[in-house]
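Here is how the chains run, residue by residue.
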Amino acid sequence: MAECSRIMASLTAQLTALVFLIAVVSPTEVSLAEEPSSQSELTANDWLLSAPSDRERFESLQRQLRGFDQPMWEVGERFESMYHALERENFDLALYHWEKIGTTIRNGIAKRPARADNANAFFLGSTFETVRDSLAARQADKAWNAFTVAKAACEACHQAENVRFMNEQPLFDLMPPDKLNNTEGR
């Protein structure tokens, strides 16, 4: 599962880079010698190059990059990785994943601006800074409290976005070690 996540994140990054290059490089800057001389030289793997127009290429890229679901998938993977980093008291790794979670949500908002209000209200504002600062303190108690704050923000945002069912998955069963110890023997 983690390997699939890494592959999907890599593919998303590559597609994003491709979109950027297509957007900033003007047709006069592209060497015509690199272009196939005819459609017949294209292979089945040239799914993007074989599109008849730039508009169809962009539409195809937009379909491939999808909406907010892929960024949320990456957020979930990174959140779980953050949890495991905290278990090992690897605060630098936890902080790294937290920063990437913020980047991923911001990138998701670029694709789905309708998600911006709740993402900003529950997550990217003071909550993001509070969690980041707590992780940066590199103290277990502060870091685990930050994890709990982040998890609550995620759950509240899901509820506000009318996708509360997202909170009913094993990811949201993750708890700081002191909470796990308090539930043993019940």
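Residues numbered from 1 in each chain as written. Predicted model: local features only at pLDDT ≥ 70, side-chain atom pairs only at ≥ 80, totals over all residues. Heavy atoms only, no water.

Digging into the overall build of the chain
- Within the chain one finds eight helices and zero strands.
- Here the chain holds 186 residues, and 32% of them are scored as buried.
- Here the contacts in the chain between residues at least 6 apart in sequence split such that 64% fall between residues at least 24 apart.
- Surface exposure of the chain reaches about 11,900 Å², of which carbon and sulfur atoms provide 53%. (Helix = DSSP H or I, 4+ residues; strand = E, 2+ residues; numbered from the N terminus. Buried < 20%, exposed > 50% of the residue type's maximum accessible area, 1.4 Å probe, protein only. Contact = heavy atoms within 4.5 Å. Areas by Shrake-Rupley, 256 points an atom, 1.4 Å probe, with all protein chains shown as cover.)

As for the state of the cysteines
- What the rule picks out here adds up to zero disulfides.
- Free cysteine Cys 154: the closest other cysteine sulfur is in Cys 157, separated by 7.7 Å. (Disulfide = S-S within 2.5 Å.)

Some words on the packing of aromatic side chains
- Taken as a whole and assessed by the stated rule, the structure comprises seven aromatic pairs.
- Relative to Trp 144, the ring of Tyr 83 lies with its centre 5.4 Å away and its plane at 75°, an arrangement referred to as edge-to-face. Of this pair, Tyr 83 sits in helix α3 (residues 69-87) while Trp 144 sits in helix α7 (residues 140-160); the two residues are 61 residues apart in sequence, bridging distant segments of the chain.
- By relative accessible area, which is 4% here, Tyr 83 ends up buried.
- Among the residues examined, Trp 144 registers a relative accessible area of 10% and is labelled buried.
- Ring pairing ties together the aromatic residues Phe 79, Tyr 83, Trp 144 and Phe 147, which thus form one cluster.
- If you follow Arg 106 out to its NZ or CZ, it ends over the ring of Phe 128, 5.2 Å from the centre. (Phe/Tyr/Trp six-rings, centres within 6.5 Å; stacked < 30°, edge-to-face > 60°. Lys NZ or Arg CZ within 6 Å of the ring centre and 35° of its normal.)

Points about the nonpolar core
- Of all hydrophobic cores here, the largest spans 31 residues; its most connected members are Leu 86, Trp 98, Ile 105, Phe 123, Leu 135 and Phe 147.
- Looking at this core, the elements with two or more residues in it are α3, α4 (91-111), α5 (116-124), α6 (126-136) and α7.
- Once residues within four sequence positions are removed from consideration, Leu 135 is found in contact with Met 82, Leu 86, Phe 91, Ala 94, Leu 95, Trp 98 and Ala 143. (Core = buried A, V, L, I, M, F, W, Y, C linked by side-chain atoms within 4.5 Å.)

A few points about unusual backbone geometry
- One non-glycine residue, Glu 89, adopts positive backbone phi at about 55°.
- By secondary structure assignment, the location of Glu 89 is in the loop between α3 and α4.
- Unusually for a residue other than glycine, Asn 162 sits at a positive phi of about 60°.
- Locating Asn 162 in the fold gives a position in the loop between α7 and α8 (177-183).

Some remarks on the packing of α4 against α6
- Running from N to C, α4 and α6 cross one another at 165°; their axes reach a closest spacing of 9 Å. Here α6 runs roughly antiparallel to α4, going by the angle between their axes. By crossing handedness, the relation of α4 to α6 is classed as left-handed. Between α4 and α6, the contacting residues are Phe 91, Ala 94, Leu 95, Trp 98, Glu 99, Gly 102 and Arg 106 on the first element and Thr 127, Phe 128, Val 131, Arg 132, Leu 135 and Ala 136 on the second. (Axes fitted to C-alpha atoms, helices over the stretch in contact; angles between N-to-C directions. Parallel < 35°, antiparallel > 145°, perpendicular 65-115°, else oblique. Left-handed = near helix turned anticlockwise from the far one by under 90°.)

Considering the confidence of the model for the chain
- When pLDDT is averaged along the chain, the result is 84, and 75% of the positions lie at 70 or above.
- Averaged over each element, pLDDT in the chain is lowest for helix α1 (residues 2-24) (52) and highest for α6 (98).
- Confidence over residues 24-33 falls short of pLDDT 50; this stretch has three contacts with residues more than four positions distant or in other chains. (pLDDT = per-residue confidence, 0-100.)

Thoughts on helix α2 (residues 54-65)
- Taking 1.5 Å of rise per residue, the twelve residues of α2 would be expected to cover 16 Å, and the 16 Å separating its terminal C-alpha atoms lies within 8% of that figure.
- Looking only at α2, the buried set comprises Ser 60, Leu 61 and Leu 65. End-on view of α2: buried residues confined to an arc of 130°, all on one side of the axis. Residues of α2 that are exposed and point over 90 degrees away from its buried face: Arg 55, Gln 62 and Arg 63. (Expected span 1.5 Å × (residues − 1). Arc of directions from axis to C-beta.)

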